[in-house]
Amino acid sequence: MENIKRRYSLAVGTMTEYVSTTPGLFPLPDWAKDDLSDLKGHQKHDLISGDEGEETTAAYETAREEVIDVQDDAGLDRIVEGQLRWDDMLAHPLAVNDAVETRGIVRYYDNNNFYREPVVQDELEASGDVAAELEATADLTDGDLQAVLPGPYSLADLATDEQYGDDAEFLAAIGEFLADEVDAFPDVETLFLLEPSLVESAPEDGEDERASEAIDQVARATDADVVVQPYWGALEEKVYAHLLDADIDAVGFDFVANQDDNLYNIQEYGATDSASLGLADGQSTLVEDAEAIRDRVDWVEDQLQVTEFETVYLTTNTETFYLPYNKFEEKLAVLAEAAELAEVKAA
Amino acid sequence: MSNENKDQFRPEDHANDHFLLTTVVGSYPKPKWLNRAKELYEDPEHGFDEDDYQEAKDDAARLITNEHERAGLDVVVDGEMRRNEMVEFFAHRIEGYEFNGPVKVWGHNYFDKPSVVSDVEYTDSWLVDEYKFTADATDRPVKVPITGPYTLASWSFNEAYEDDAELAYALADLVNEEIEKLVDAGARYIQIDEPALATTPDDHAIVGEALEHIVEDIPEDVRIGLHVCYGDYSRIYPEILEFPVDEFDLELANGDYDQLDVFKDPEFTADLALGVTDVHVAEAESVEQIEENIKKGLEVVPPEQLVLSPDCGVKLLPREVAYGKMANMVEAARNVEADLDAGNIDIERGAPTPADD
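Being a predicted model, the structure only gives us computed values, none of them experimental.

Enquirer: Looking at this model, I keep getting lost on the overall build of chain B. Mind explaining?
Expert: Along its length, chain B carries 11 helices and 12 strands. Compactness check: chain B gives a C-alpha radius of gyration of 20 Å against a globular reference of 21 Å for 357 residues, within 12% of the reference. Viewed in the frame of its principal axes, chain B has a C-alpha envelope of about 65 × 45 × 45 Å. A total of 357 residues make up chain B; the buried ones form 47% of that total. Residue pairs at least 24 apart in sequence account for 77% of intrachain contacts in chain B once pairs closer than 6 positions are excluded.

Enquirer: I'm lost on the interface of chain A and chain B in this one. Help?
Expert: Many descriptions give the size of an interface as the accessible area lost when the pieces come together. Counting residues at the interface gives 26 residues for chain A, matched by 16 residues for chain B. Those elements giving two or more residues to the side of chain A that touches chain B turn out to be α1 (30-40), β3 (114-120) and α12 (325-346) of chain A. Ranked by residues supplied to the side of chain A that touches chain B, first place goes to α1(A) with 5 residues. Within the side of chain A that touches chain B, the residues separate by chemical class into 12 nonpolar, 7 polar and 7 charged.

Enquirer: Would you mind showing me how to read the packing of helix α11 (residues 290-303) of chain A against α12(A) here?
Expert: Two quantities define a packed helix pair, namely the angle between the helix axes and the distance between the axes. Residues and elements named next belong to chain A. The contact between α11 and α12 brings their axes to 8 Å, and the two run at 50°. Accordingly, the angle class assigned to the pair α11 and α12 is oblique. The handedness of the crossing between α11 and α12 comes out as right-handed. Taking contact as the criterion, the partners of A290, E291, I293, R294 and V297 in α11 are, on α12, V334, E337, A338, L341, A342 and K345. Partitioning the contact of α11 with α12 into residue classes produces 7 nonpolar, no polar and 4 charged.

Enquirer: Whenever I open this one, the nonpolar core confuses me. Can you help?
Expert: Generally speaking, soluble globular proteins have nonpolar side chains that are buried together. Residues A:I215, A:L277 and A:L314 are the most contacted members of the largest nonpolar core, which totals 109 residues. The dominant element in this core, judged by the number of residues it contributes, is α12(A), at 9 residues. Not counting the four nearest positions on each side in its chain, A:L277 is found in contact with A:F253, A:F255, A:V297, A:V300, A:V312, A:Y313 and A:L314. Ranked by size, the runner-up nonpolar core spans 98 residues in total, among them B:I64, B:F90, B:I179 and B:I240.

Enquirer: I keep staring at the environment of A:E61 and nothing clicks. Help me out?
Expert: For A:E61, the location among the structural elements is in helix α2 (residues 54-74). Note: C-alpha distance between A:E61 and A:E133 (72 residues apart in sequence) is 9.5 Å.

Enquirer: So what exactly am I meant to see when it comes to the confidence of the model for chain A here?
Expert: A low pLDDT score tells you not to read the predicted coordinates there in detail. For chain A, mean pLDDT is 93; residues scoring 70 or higher make up 95% of the total. A low-confidence stretch, residues 1-12 of chain A (pLDDT under 50), is modelled with 21 contacts involving residues beyond four sequence positions or located in other chains.

Enquirer: Would you take a moment to explain unusual backbone geometry for this structure?
Expert: Note on backbone geometry: most residues besides glycine have negative phi, and most peptide bonds are trans. Residues and elements named next belong to chain B. Note the cis peptide between Y237 and P238, where omega equals 10°. Backbone geometry places D217, a non-glycine residue, at a positive phi of 65°. One can find D217 in the loop between α9 (204-215) and β9 (223-228). Under the C-beta neighbour-count criterion, D217 is labelled exposed, with 8 such atoms within 10 Å.

Enquirer: Hey, could you run me through the sheet that holds strand β7 (residues 157-158) of chain B in this one?
Expert: Backbone hydrogen bonds hold the strands of a sheet together, and the pairing may be parallel or antiparallel. Residues and elements named next belong to chain B. Here we have 3 strands laid out as an open sheet, ordered β2-β5-β7, and mixed in their pairing. In this open sheet, the two strands that pair with only one neighbour each are β2 (95-98) and β7. Where helix α7 (residues 164-184) meets the sheet, its contacts fall on β5 (115-121) and β7, and the angle it forms with β5 comes to roughly 45°.

Enquirer: Just checking my understanding: could you explain helix α6 (residues 167-183) of chain A for this structure?
Expert: For an α-helix, the turn length of 3.6 residues means that residues three or four places apart are oriented alike. For α6(A), spanning 17 residues, the distance from its first C-alpha to its last is 24 Å, which sits close to the expected 24 Å at 1.5 Å a residue. Within α6(A), the full set of buried residues consists of A:F170, A:L171, A:A173, A:I174, A:G175, A:F177, A:L178, A:E181 and A:V182.

Enquirer: What should I look at first to understand helix α4 (residues 129-138) of chain A in this one?
Expert: Taken as a whole, α4(A) has its buried residues at A:V130, A:E133 and A:T137. Buried residues in α4(A), looked at end-on, bunch into an arc of 60°, giving them a common side.

Enquirer: Please clarify how the pairing of strand β6 (residues 190-194) of chain A should be interpreted in this entry.
Expert: Two faces, one strand: in a regular strand the side chains alternate between the faces of the sheet. Residues and elements named next belong to chain A. The buried fraction of β6 is high, at 5 of 5 residues. Of the two faces of β6, the one holding T190, F192 and L194 and the one holding L191 and L193 are both buried throughout. The pairing of strand β4 (residues 146-150) with β6 spans 5 bridges and is classified as parallel. Bridged to L149 within β6 is L193. Note that β6 and strand β7 (residues 225-229) share 5 bridges and pair parallel.

Enquirer: How should the pairing of strand β6 (residues 143-147) of chain B be read in this particular structure?
Expert: Residues and elements named next belong to chain B. Taking burial as the measure, the 5 residues of β6 include 5 buried ones, the bulk of the element. The alternating pattern of β6 places K143, P145 and T147 on one face and V144 and I146 on the opposite face, and all of these are buried. Summarising the sheet, β6 and strand β8 (residues 189-193) pair through 5 bridges and their orientation is parallel. Residue pairing for β8: P145 is matched across the bridge by Q191.

Calculation notes
- Residues numbered from 1 in each chain as written.
- Chains lettered and ligands numbered in written order.
- Predicted model: local features only at pLDDT ≥ 70, side-chain atom pairs only at ≥ 80, totals over all residues.
- Helix = DSSP H or I, 4+ residues; strand = E, 2+ residues; numbered from the N terminus.
- Rg over C-alpha atoms; globule rule 2.2 N^0.38 Å.
- Buried ≥ 20, exposed ≤ 12 C-beta atoms within 10 Å, placed from the backbone.
- Contact = placed C-beta atoms within 7 Å.
- Nonpolar A, V, L, I, M, F, W, Y, C, P; charged D, E, K, R; others polar.
- Axes fitted to C-alpha atoms, helices over the stretch in contact; angles between N-to-C directions.
- Parallel < 35°, antiparallel > 145°, perpendicular 65-115°, else oblique.
- Left-handed = near helix turned anticlockwise from the far one by under 90°.
- Core = buried A, V, L, I, M, F, W, Y, C linked by C-beta atoms within 7 Å.
- pLDDT = per-residue confidence, 0-100.
- Pairing = 2+ DSSP bridges.
- Expected span 1.5 Å × (residues − 1).
- Arc of directions from axis to C-beta.

Right under this line is the structure:
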């Protein structure tokens, strides 16, 4: 925890850049929900395998184009692929891997959503599945690209290990696996590592340090700015303190779910040079006002008078696949507008 | 010992002294032609209009009520022929709800998760017509299943209320209003379905409070049941015994009664509507198997407090399998009643005695 407080040494007078973005994992457009359920079916053996056929691939390509247009039109500062193929949500990178068998349907955190339990049965090797999605995205937009992956701790938490035999070894293997996937990525501006498990099943003593090391390993595999986004609450103090040791550019804070503990962490332990603020609710159809979100940014910054961030990412707190498509579109537009308002005010 | 609330549903010509009331949770497979009729109705190119579709739903409700009679059930339902999904159906009838489109549950399974955008209000009755129609179609008592307020709140987006508990209480007041109208129309047996409780068992106090709203000013002799399924019951028992209901309808066959002991200590003071056939097995259990399952219930409550039903709604089963389960359940119930009459059943009830070692 040697980094504690170190990160307060921010240059005075630099101007904060406000970047509107999302953690990805979008809902499918409604036509694609219909077409793909007809093409693929409704049962668990019908879900994405990584070698889907021509028609299915074409449907996903069209849908991807659509959600990239939605982001471009909204004016978001970072463009994600949308992760529309991720039937198993954050477990996707394992669910399509050759070393993994998918079993029964299990609950996705505390939601009315389910994914196939991925069971790792062999030595994990990167497949390039996510890299291919990013390549396709790069061809469709001139905007700044953002990659999205599960963080290693969450991915290990969502999976079952029948290969490595030891929690620490399994986590390290997942870290290495994700680093190799990242290594195959095209150039991206930003990498979001989603880490809800750091909140939902917080690591214990020792495990918190290993989680930070695994995140560090993934972060070092790219030159992009790396944002680690935990959600559904605030990190426990020690988990947060260890996370600051990783070589990352920003930690995310879910201010929708918990304000006090997130503020406490920043005030008590400092922060990374940049921060990601989850200020729009990714699981509610109530669409926030852009001004209200800008005000919340001000409020957070006021609470942290000593700190001025290099970059503040404005985002939904969670993935947005929980939302009906029309509300998802509205949320994106609001985030883009809020970031513009914040820039104007700062200037 | 007698149980007046339950015995009001005892058929006059019941053959045995003992009475193990047989019923269903609610939903039943829709006849294929009803789904076809719905497609025609939704097809703007087709002349099949609202009246035609209404007639089809009436026919289906009559058919399935009759099928329940043929299976020998003591208390029947129309198989929820008029309902599409357990939240959507009610949300369409409650002021304050809005629909924005489908959301993902898993894979390519979606549901039209509604949003509560303003105070919920009661306008027209939700189920009185359905109840009256079914009651006219049969001489047997009719049960009315209603999705509970906690589930209606949990499985909606909440834009209007402070939290889901406040929304649940507001919805509970509407459920109360509906039950009053149902009772006025003659209903005597209401079942509140709260599957969402299983996923968030720590909220049992909210469900209990909502039930207090639901039963306010409802006559004591109207039977109120609560259906819960697929959860860790140890996290809600014995707290649920405080709920103001006459009966708990519980799924237990699916787990092969591995959670039965939960209900033995402390003593189960309400009526137990025991799931005696598994709705996730697409094959009717034998009469003998169901008799064994019924006896599991007698480890928890005396026969006076025992009611029999499938684990959950049977709508996903092939129709002939659903029928087979009902018919076998009724036959098994009558056999166990006769055995009880004859004094042939000796089951120790209550908490298992710790082994001496």
